[in-house]
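# Residue-level structural notes
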Amino acid sequence: MRVGIACPYTWDVPGGVQAHVRDLADHLLGLGHEVSVLTPVDDPDAPDLPLYVVPAGRAVPVPYNGSVARLVFGPLSLTRTRRWLREGGFDVLHVHEPIVPSVSMLATFAASGPIVATFHHASTRSRALQVFGTALQPALEKITGRIAVSPAARRIVVEHLGGDAVLIPNGVDVARFMGADPLPGRSATSTVVFLGRIDEGRKGLAVLLEALPELVRLVPDVRLLIAGPGDAEDVRAAVPPSLRDRVEILGLVSEQDKPRVFASGQVYCAPNTHGESFGIVLVEAMATGTPVVASDLEAFRRVLEDGRAGVLVPVGDAGALAEALGELLGDAPRRQALSTVALEAVQAYDWSTVARQVVEVYETVAAMAPAAVHVDVDPELESMAVDLAAVDGTDDDAGRLVATLRRWLSERRAAVGALGDRTRS
Amino acid sequence: MTDLLLAIAFLALLVLYITWTAGRLDRLHARVDAAEAALDAALVRRAAAARAVAAHLPPGAQADRLSAAADAALEAGEAHREQVENDLSRALRRIVPGLAPRPVLAELETATTRVLLARSFHNAAVADTRVIRLRRMPRALRLAGHRSLPQFFEIDDTYDTPSTSASE
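The rules we used
Residues numbered from 1 in each chain as written. Chains lettered and ligands numbered in written order. Predicted model: local features only at pLDDT ≥ 70, side-chain atom pairs only at ≥ 80, totals over all residues. Helix = DSSP H or I, 4+ residues; strand = E, 2+ residues; numbered from the N terminus. Buried ≥ 20, exposed ≤ 12 C-beta atoms within 10 Å, placed from the backbone. Contact = placed C-beta atoms within 7 Å. Core = buried A, V, L, I, M, F, W, Y, C linked by C-beta atoms within 7 Å. Domains from an automatic or database assignment. Pairing = 2+ DSSP bridges. Axes fitted to C-alpha atoms, helices over the stretch in contact; angles between N-to-C directions. Expected span 1.5 Å × (residues − 1). Nonpolar A, V, L, I, M, F, W, Y, C, P; charged D, E, K, R; others polar.

### Looking at the overall build of chain A
For chain A, the count of helices and strands is 16 helices and 17 strands. Counting every position in chain A, which comprises 425 residues, the buried fraction comes to 44%. Excluding contacts between residues fewer than 6 apart, the proportion of contacts in chain A whose partners are at least 24 apart in sequence is 69%.

So this is what it looks like as structure tokens:
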């Protein structure tokens, strides 16, 4: 199949949607499909830009939803989008986050035919949907098949747009994580790993630090390995001085080192307090075979299969967290059992499974639309443009203009009648 | 003169809006029709796959039940379709994997996933169409002609296979 993918966010800025699109494109290519990705790009001459990327121009930073979104809009982007659609000859158009004012939205407006949309966003305060939902409806109703990456994202879609969306989870490259070794010169013994932004409250590092004194009482040689961007000094300040030598802060780790960070712990801890829609980081940890202790959030409960594939603790409860961590660190057979179940559970999130499901959506959608993806041209408007172009500055311009408009009006009326007849028959 | 021009402009806009809505409704109905056809094809494919599985099961109550449910699904008319397809879903959930050859079960698995997808996309198309159909202007002007209001297709199509359990 020829698949055109529209990614709304700037390709060379790290982000979840971009990573998803890149992995999806790579796996579709691996399955033998042809892929083209239209996306804003800051540096179109970057040597590592994949061949399938078609730059749609530079994005403009706009404050949105509490952070800075980088958006693309305007006549030039629209022209590029239309040209990409026309020249691509796609069997399926796959737009990501079509409610974000960027190339996905432009492509949805411009194209007709089999269109798949993936919704990643899970915040209940989706301003774009609240404000523009009705205005976007004519474009959104052209979408043939909707995908949501999590139950939370699906709920947003159903609430704001009505109808339904199929659930296809985010993919993880399980093989990249499986069997990872600990970081050099390190043993995982009695080590608890935390990975996430350390200055972002909802990641819950504060709960883990609060649990530390009790955890030390339960497991005297316990160590805490913290990885993620943020101010390390703030973390150290939150730890009692006598326990500071047990906490090691790695700072930001590269994508390549991530599997080894998980493997450097005997337990991976995700004490998040809220706002997780999927829990991809849990799946990654599980793929390395490191057992997981996580907050009992809806998304985590799902990934951990209600506690079969990992331990769930009440959200924000430091005492319960210390107890669960202590118990698991002292119970090797249970860690082994959880790890075995987890390795089986993550197969459902492997890109090979996920990409196959996406292709099934493409095939279903392609069968539902009469023609391949194309750009709509309104024939009446085109003919009107031709007529108006003929207005050449001679004396009876005004007369011709009126005649053109009059004819156009009567054609419109006839069109209404014809439509009525067609639907009645 | 100005009044007349304004009136003409207003009339033009109104006609433009009505034709645009009529065109929109026409496209939505086409989408529902295509989705209905795809859903029908997916259901037929599932019933055929179920019949193939039934043929491979050891003779007995389970095989009889499944093949009866598959036949009923293939012959069902519009009126009882949901109920009959639900019966088939139930019969399918009871079959024990391993009793039929792998390719036959694999086809059943693909067919069930397709039903799940086709039904979701069909119901989304119905929802989008109903929103416009139920507005005052299209109803008053009968922009939909005599087309009946599209109906949702509701069955329980969850089926515990590795691929669908990941997506449900």
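Continuing now.
### A closer look at the nonpolar core
Core analysis: the largest hydrophobic core is formed by 153 residues, its most contacted members being A:Ala107, A:Cys269, A:Leu282, A:Val292, A:Val293, A:Leu325 and B:Ala50. Summarising the domain contributions, this core has at least three residues from each of domain 1 (2–171 + 352–375) and domain 2 (174–348) of chain A. With 6 residues, the next largest nonpolar core counts B:Ala22, B:Leu25, B:Ile132 and B:Ala144 among its residues.

### Topic: the sheet that holds strand E12 (residues 223–227) of chain A
All names here are of chain A. Read from one edge to the other, the open sheet built from 6 strands follows the order E13-E12-E11-E14-E15-E16, with strand pairing classed as parallel. Both edges of this open sheet fall to strand E13 (247–251) and strand E16 (311–313), since each of them pairs with a single strand only. Geometrically, the sheet is characterised by an average inter-axis angle of 20° between neighbouring strands, direction not taken into account. Alignment of strand E11 (residues 191–195) against strand E14 (residues 267–270), held across 2 bridges, turns out to be parallel. Following the sheet pairing, Val-192 is matched in E14 by Val-267. Docked against the sheet, helix H10 (residues 280–288) engages E11, E14 and strand E15 (292–295), running at close to 165° with respect to E15.

### Regarding the sheet that holds strand E10 (residues 166–167) of chain A
Strand-to-strand pairing in sheets goes through backbone hydrogen bonds, with the strands running parallel or antiparallel. All names here are of chain A. An order of E3-E2-E1-E6-E8-E9-E10 is seen for the 7 strands of this open sheet, with the pairing classed as parallel. Since the sheet does not close on itself, it has two edges, and those belong to strand E3 (53–55) and E10, each with one partner. Packing of helix H1 (residues 16–30) onto the sheet brings it into contact with strand E1 (2–6), strand E2 (34–39) and strand E6 (92–96), and relative to E2 it is tilted by some 160°.

### Some remarks on the pairing of E6(A)
Strand residues, when the strand is regular, have side chains that alternate between the two faces of the sheet. All names here are of chain A. Counting buried residues in E6 gives 5 out of 5 residues, a clear majority hidden from the surface. Here E6 shows two buried faces, one formed by Val-92, His-94 and His-96 and the other by Leu-93 and Val-95. Both E6 and strand E8 (residues 115–119) contribute to a ladder of 4 bridges, which runs parallel. The residue bridging His-94 from the neighbouring strand is Val-116, located in E8.

### Some points on H10(A)
Summarising burial for H10(A): 9 of the 9 residues are buried, a large majority. Taken from the residues just after H10(A), A:Gly289 is the one with a positive phi, measuring 90°.

### Considerations on helix H14 (residues 351–368) of chain A
Between the first and last C-alpha of H14(A) there are 25 Å, a value that for 18 residues agrees with the 26 Å anticipated at 1.5 Å per step. Along H14(A), the positions that sit buried rather than exposed are A:Trp351, A:Thr353, A:Val354, A:Ala355, A:Gln357, A:Val358, A:Val361, A:Tyr362, A:Thr364, A:Val365 and A:Met368.

### Regarding the domain arrangement of chain A
All names here are of chain A. With domains assigned, chain A is organised as domain 1 (2–171 + 352–375) and domain 2 (174–348). The straight-line distance from the C-alpha centre of domain 1 to that of domain 2 is 33 Å. Each partner contributes to the interface: domain 1 provides 9 residues, whereas domain 2 provides 7 residues. Of the residues forming the side of domain 1 that touches domain 2, the biggest block, 3 residues, is contributed by helix H5 (residues 151–161). The class makeup of the residues in the side of domain 1 that touches domain 2 is 6 nonpolar, 3 polar and no charged.

### Observations concerning unusual backbone geometry
Residue and element names in this part refer to chain A. A positive phi angle is found at Glu-305, which is not glycine, with a value near 50°. Its place among the elements puts Glu-305 in the loop between helix H11 (298–303) and E16. Under the C-beta neighbour-count criterion, Glu-305 is labelled partly exposed, with 15 such atoms within 10 Å. Phi is positive for Asp-306, close to 60°, though the residue is something other than glycine. Relative to the helices and strands, Asp-306 is located in the loop between H11 and E16.

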